[in-house]
Amino acid sequence: RGGYIGVDVFFVISGFLITGLLLKELEQSGTVSLARFYSRRAKRLLPMTVVVLGTIVVLSWLLFSPVRMDTVSFDIIAAGLYVMNWRLAIQSTDYFGAGLQASPVQHFWTLGVEEQFYLIWPTLLLAVVWWCRHTGWSLRPAMAVAFAVVAISSLAYSIYSTGQEAGAAYFSTLTRGWELALGGLLALVPASWLKLPRL
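Residues numbered from 1 in each chain as written. Predicted model: local features only at pLDDT ≥ 70, side-chain atom pairs only at ≥ 80, totals over all residues. Heavy atoms only, no water.

Enquirer: With reference to specific residues and values, describe the overall build of the protein.
Expert: Assigned secondary structure in the protein consists of eight helices and zero strands. Ordered by position from the N terminus, the helices and strands of the protein form the series α-α-α-α-α-α-α-α. Counting all 199 residues of the protein, 39% fall into the buried class. Residue pairs at least 24 apart in sequence account for 71% of intrachain contacts in the protein once pairs closer than 6 positions are excluded. Of the roughly 12000 Å² of accessible surface on the protein, a fraction of 70% belongs to carbon and sulfur atoms. (Helix = DSSP H or I, 4+ residues; strand = E, 2+ residues; numbered from the N terminus. Buried < 20%, exposed > 50% of the residue type's maximum accessible area, 1.4 Å probe, protein only. Contact = heavy atoms within 4.5 Å. Areas by Shrake-Rupley, 256 points an atom, 1.4 Å probe, with all protein chains shown as cover.)

Take a look at the structure:
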């Protein structure tokens, strides 16, 4: 009842890949360059975001009525700022917005969740590195604890909020964080453990 499994798998894979890249940089250099991390994200996402949103602006202006275009304009701004998920969460709890048509940029909500999560995730890794240096903990076990705390807290909140307001919970970064953190936990597993036996 919580949604579509493809979205869940997408977030887990995303958490696995991004955490793996950050871990590799950490273990090679001893730190993570936040400037380089966010620069890579921007170079990867912004060109296509501009093209897609620009195309949607032109097509919406040609195809939609002025009244519909007003709503779509706000959606395009939310998509461009990577907060489309929160706009959809608010609309899902808005009685008067219940009959609104699907937005042409609705698919940007997953990117919104990712980018909001990745505003915090590299800083969490750096905080764990700092902790390890001051306490003598090993890096990967400490990260496993930190990631598990994020995953368990987010999952608990997801279960609670889905029972309260399923529509808003579906789009919330706070209820999706456990999937990205689960991917992060998988990234901590040594590669040799993930190899499947030959049949």
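Enquirer: I'd like a description of the side chain of T110, backed by residues and values.
Expert: With respect to the helices, strands and loops of the structure, T110 is situated in helix α5 (residues 109-135). Those residues in contact with T110 that lie beyond four places of it in its chain are V7, F10 and F11.

Enquirer: Tell me about the nonpolar core, and please be specific about residues and values.
Expert: If you look at the biggest cluster of nonpolar residues, it comprises 43 residues, and the most contacted ones within it are V105, W109, W121 and M143. Of all the elements in the fold, those that place two or more residues in this core are α1 (5-29), α2 (34-63), α3 (66-80), α4 (84-92), α5, α6 (139-164), α7 (166-171) and α8 (173-188). Element by element, the count of residues in this core is highest for α5, at ten residues. (Core = buried A, V, L, I, M, F, W, Y, C linked by side-chain atoms within 4.5 Å.)

Enquirer: Pulling in residues and values, what's your account of α8?
Expert: Along an α-helix, residues three or four positions apart point the same way, because every turn accommodates 3.6 residues. In this model, α8 (16 residues) spans 22 Å end to end at C-alpha, consistent with the 22 Å of a helix rising 1.5 Å per residue. For α8, the full list of buried residues reads T173, T175, R176, G177, E179, L180, A181, G183, G184, A187 and L188. Each element contacted by the buried residues of α8 is listed here: α1, α4, α5, α6 and α7. The N-terminus of α8 is capped by S172, whose side-chain oxygen sits 3.1 Å from the backbone nitrogen of L174. (Expected span 1.5 Å × (residues − 1). Polar contact = N/O pair within 3.5 Å; in protein donor to acceptor, adjacent residues only side chain to side chain.)

Enquirer: Describe the packing of aromatic side chains, naming the residues involved and giving the relevant values.
Expert: The full count for this structure, using the stated rule, is ten aromatic pairs. Where F11 meets W109, the ring centres are 6.0 Å apart and the plane angle is 65 degrees; that geometry is what we call edge-to-face. Residue F11 is located in helix α1, and its partner W109 is located in helix α5; the two are separated by 98 residues in the primary sequence. An angle of 75 degrees between the planes, with centres 5.0 Å apart, marks the rings of F37 and Y38 as edge-to-face. Three or more aromatic residues joined by ring pairs form one cluster here, namely F37, Y38, F117, Y118, W121 and F147. Sitting above the plane of the F64 ring, R68 keeps its charged end 4.6 Å from the centroid. (Phe/Tyr/Trp six-rings, centres within 6.5 Å; stacked < 30°, edge-to-face > 60°. Lys NZ or Arg CZ within 6 Å of the ring centre and 35° of its normal.)

Enquirer: Lay out α5 in plain terms, naming residues and giving numbers.
Expert: Relative to the 39 Å expected for 27 residues at 1.5 Å per residue, α5 spans 39 Å between its end C-alpha atoms, a close match to the ideal helical length. Where α5 bends most, the angle comes to about 30 degrees, and this point is Y118, followed within four residues by the proline P122. A positive phi of about 85 degrees marks G136, the residue just after α5. (Bend = angle between axes of the 7 residues up to and from the residue.)

Enquirer: Now, about unusual backbone geometry: what can you tell me, with residues and values included?
Expert: What is expected of a backbone is that most residues other than glycine have negative phi and most peptide bonds are trans. Residues other than glycine seldom take positive phi values, yet Y82 does so here, at roughly 60 degrees. In this fold, Y82 is placed in the loop between α3 and α4.

Enquirer: Would you mind going over the environment of V145 in detail, with residue names and values included?
Expert: Within the element layout of this structure, V145 appears in helix α6. Separated by 40 residues in sequence, V145 and L185 have C-alpha atoms that sit 9.1 Å apart.

Enquirer: An account of the side chain of S172 is requested, with residue identities and associated values reported.
Expert: Note on placement: S172 falls in the loop between α7 and α8. Judged by relative accessible area, which is 5%, S172 ranks as buried. There is a polar contact of 3.1 Å between the side chain of S172 and the backbone nitrogen of L174. Leaving out residues up to four positions away in the same chain, S172 has contacts with N85 and W86.

Enquirer: Explain the pattern of salt bridges to me, and be specific about the residues and the numbers.
Expert: Under the defined criterion, the tally for this structure stands at seven salt bridges. For E115, the salt bridge identified is with R41, shortest N-O distance 2.4 Å. Here E115 is found in helix α5, whereas its partner R41 is found in helix α2, with 74 residues between them in sequence. Judged by its relative accessible area of 8%, R41 is buried. Among the salt bridges present, the one from E179 reaches R176, with a minimum N-O distance of 3.3 Å. With E179 and R176 both in helix α8 and three residues apart, the pair spans about one turn of that helix. Here E179 and R176 have matching classes, each one buried. When salt bridges with common partners are traced through the structure, they connect D8, R176 and E179 into a single cluster. (Salt bridge = Lys/Arg side-chain N within 4 Å of Asp/Glu carboxyl O.)

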